[in-house]
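# Working through the structure, step by step
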Amino acid sequence: MTRTITELYTRRFGHDMEAAPDDAAGEVVAALLSHRTHRRFLPDPVPDALLETLLACAYSAPSKSDLQQTTVVRVIDEDKRQDVAELVPDMPWIGAAPEFMVFCGDSRRIRRICERRGRPFANDRLDAFFNATVDAAMAMQNLIVAAESEGLGCCPISAVRDHAARVSETLRLPDRVFPVAGLCLGYPSGPAHVSMRLPLSATVHVDTYDDEALERDLDDYDRRRDARYTIPDAKQKHVEDYGTAGFYGWSEDKARQVSKPEGDDFGAFVRRQGFVLE
Ligand SMILES: Cc1cc2nc3c(=O)[nH]c(=O)nc-3n(C[C@H](O)[C@H](O)[C@H](O)COP(=O)(O)O)c2cc1C
């Protein structure tokens, strides 16, 4: 069904668009505005030719200085897949998706190139780690967009970083290579909802950073989101510490989430992989 940009915008943000063009959305715009994460999949495999095409799309992403610092590890060995899945039992889609791969930042390849060319690698600093991370994230997003345009669904998995050392052992990631995120891929077994985003007034500023209106934006956003989907009491986080809230919006959910440490070993892991983070 062809939908206008305005319709898709309203579904994404839960409020009307200011400019409100009445135009039918082009294919790519419609796909991006309709993005949703999928966590349940049919058992059907992803055909090899399609997978190769999607990976080609991933590697068509821009790359910092054309250094091409992404490596994808496809996990096809059942034992290895289960090893990773068992680390995150509350995300059964890791083990169940027809395809699972890990997008890695890779600063090893360029160092091997330096060795081969007899040149020093003079960039041992945070920037090297950061550039590889950004490359891997952009490649993963390209794959997601391409996959969704072919009727597939995806779920990125940052939880692999909570177990970075174990995942790296399983996948034999060498020094200077680190997981950025896993990715579950397959044909969705059912619909998923479009997740409402913060308004552009909160996330896009003009000329200078200005979050004066954040509190009002957050209140409005919490209410709009709740009107579309109320988080059930059973899904409130950390009730043992914070109790059950009468009104539980997105901002309370996210504040509760980040009130507990996540991924606190990752810095040490990245240092052990040989990165200097200064
Ligand atoms: C870098 C990254 C890591 C993520 N990690 C996980 C994860 O470990 N498990 C999961 O179920 N979803 C994960 N997600 C999916 C997010 O929860 C999802 O994108 C977010 O809730 C917004 O929903 P939407 O993608 O449907 O718009 C991740 C997404 C990103 C971008």
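A brief structural summary.

### As for the site of the ligand
- What surrounds the ligand is the set H35, R36, T37, R39, M91, C155, P156, I157, S158, A159, A181 and S195.
- With three residues, strand β3 (residues 153–157) is the single largest residue contributor to the shell around the ligand.

### A closer look at the nonpolar core
- In this structure, V102, F103, C104, L143, L183 and C184 are the most contacted members of the largest nonpolar core, which totals 41 residues.
- At the level of elements, α3 (48–58), α4 (78–87), β2 (99–106), α7 (126–149), β3, α8 (164–171) and β4 (177–186) are the ones that each hand at least two residues to this core.
- Here the element with the most residues in this core is α7; it accounts for ten residues.
- Excluding residues that lie within four positions of it along the chain, F103 makes contacts with T70, V72, A136, A139, M140, V180, A181 and L183.

### Some points on the environment of H38
- Considering the arrangement of structural elements, one finds H38 in the loop between α2 (27–33) and α3.
- Sequence separation between H38 and H193 is 155 residues; the distance between their C-alpha atoms is 9.0 Å.
- In contact with H38, not counting residues within four places along its chain, are G153, C154, C155, P188 and A192.

### Remarks on the sheet that holds strand β1 (residues 70–74)
- One open sheet holds the four strands; their spatial order is β1-β2-β4-β3, and the pairing between them is antiparallel. This sheet does not close on itself; its edge strands, each paired only once, are β1 and β3. If you compare each strand with its neighbour and ignore which way they point, the axes differ by 25 degrees on average.
- The pairing of β2 with β4 spans eight bridges and is classified as antiparallel. The partner of V102 across the bridge, within β4, is G182.

Thresholds, definitions, all that
Residues numbered from 1 in each chain as written. Predicted model: local features only at pLDDT ≥ 70, side-chain atom pairs only at ≥ 80, totals over all residues. Near = placed C-beta within 6 Å. Helix = DSSP H or I, 4+ residues; strand = E, 2+ residues; numbered from the N terminus. Core = buried A, V, L, I, M, F, W, Y, C linked by C-beta atoms within 7 Å. Buried ≥ 20, exposed ≤ 12 C-beta atoms within 10 Å, placed from the backbone. Contact = placed C-beta atoms within 7 Å. Pairing = 2+ DSSP bridges. Axes fitted to C-alpha atoms, helices over the stretch in contact; angles between N-to-C directions.

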